[in-house]
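# Descriptive structure summary
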Amino acid sequence: MRPSFSNEYGGAFVLIEPGNNFEFSLIDPIFVGARPVTQVEWSSIMGSNPSKFKDGWSAGLRPVESVTWFDCQDYISELNKIDNENKLGLEGFFRLPTNDEWEFFCRAGTKTKWYNSQKDTDVDDVAWHAGNAGATTREVGQKQPNEWGLYDLHGNVSEWTSTLESGKYIAKGGSWLTESESTSVVSKRNFSPDKKSDSIGLRLVWQPY
């Protein structure tokens, strides 16, 4: 069992240890959100819910979406103000992952297109995408996690990163809106930081000092 911690807002964060995968080396340990940030987590911090798919008793457990990159920075800033206690004896802060970090913790040591397989016929086991999501987001954590205990990396909502490329920020992972081929580890889309879409959300990293 990997070291992990949870906070009172519903987030759970798993230790990802330094290592190498393809051309990227993770130098320092980080803790990664086991699931995308949910509507409950966002509402608890921001006092409002911008999501499109928020009807129904279980909506709070769906990923928050319709948030811009700037919105995510506001959320992270507020979270760091109020959730600033030591984690497992360490001090640190929340942030978005980089593109390289995202691919590293998504792969969890694998080298295949998806963390569970090279075949797109196996994507349904790990991802909500256009072929099986029913044109909506789904509650987080229902599909198979990767070897490091992380869920929903290949689908449900794409996730903002902190990596800027050609003047736009990279969003990783597929979503309920994308076809299975666009949910692979290396798939990415570049968006202006003010882009708002019901297929884009976020996953957090907690970085020890």
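Rules used throughout
- Residues numbered from 1 in each chain as written.
- Predicted model: local features only at pLDDT ≥ 70, side-chain atom pairs only at ≥ 80, totals over all residues.
- Heavy atoms only, no water.
- Pairing = 2+ DSSP bridges.
- Helix = DSSP H or I, 4+ residues; strand = E, 2+ residues; numbered from the N terminus.
- Axes fitted to C-alpha atoms, helices over the stretch in contact; angles between N-to-C directions.
- Contact = heavy atoms within 4.5 Å.
- Salt bridge = Lys/Arg side-chain N within 4 Å of Asp/Glu carboxyl O.
- Buried < 20%, exposed > 50% of the residue type's maximum accessible area, 1.4 Å probe, protein only.

## Points about the sheet that holds strand β11 (residues 205-208)
Pairing is antiparallel in the open sheet, where five strands are placed in the order β1-β2-β5-β11-β6. Looking along the sheet, the strands with just one partner apiece sit at the ends: β1 (4-6) and β6 (92-95). Each strand axis lies, on average, 25° off the axis of its neighbour in the sheet, ignoring direction. Relative to β11, β6 runs antiparallel, the two being bridged by four bridges. Across the sheet, residue Gly 92 finds its bridge partner in β11, namely Pro 208. Sitting on the sheet, helix α3 (residues 99-107) touches β2 (12-16), β5 (30-33), β6 and β11, and the angle it makes with β5 is about 75°.

## Brief notes about the sheet that holds strand β9 (residues 188-191)
What the four strands build is an open sheet, ordered β9-β8-β7-β10; its pairing is mixed. Whereas interior strands pair on both sides, the edge strands pair on one side only; in this sheet they are β9 and β10 (200-201). The pairing of strand β7 (residues 158-165) with β10 spans two bridges and is parallel. Paired with Glu 159 across the two strands is Gly 201, which belongs to β10. On the sheet, α3 packs against β7, β8 (168-172) and β9 and is oriented at approximately 5° with respect to β8.

## So, the environment of Val 157
Structurally, Val 157 can be placed in the loop between α3 and β7. Taking the C-alpha atoms as reference points, Val 157 and Ala 135, 22 residues apart in sequence, are found 12 Å from one another. Val 157 has contacts with Pro 36, Pro 63, Glu 65, Thr 137, Gly 174, Ser 175, Asp 198, Ser 199, Ile 200 and Gly 201, leaving out every residue within four places of it along the chain.

## A short note on the pattern of salt bridges
One pass over the full model with this rule turns up nine salt bridges. Notably, a salt bridge pairs Asp 198 with Lys 52, separated by 3.3 Å at the nearest N-O pair. Here Lys 52 lies in the loop between α1 (39-46) and α2 (69-82) and Asp 198 lies in the loop between β9 and β10, a separation of 146 residues in the sequence. Close ionic contact of Lys 172 with Glu 103 constitutes a salt bridge, the shortest N to O distance being 2.8 Å. Taken together, the residues Lys 172 in strand β8 and Glu 103 in helix α3 connect sequence positions 69 residues apart. Residue Lys 172 is classed as buried on the basis of its relative accessible area of 0%.

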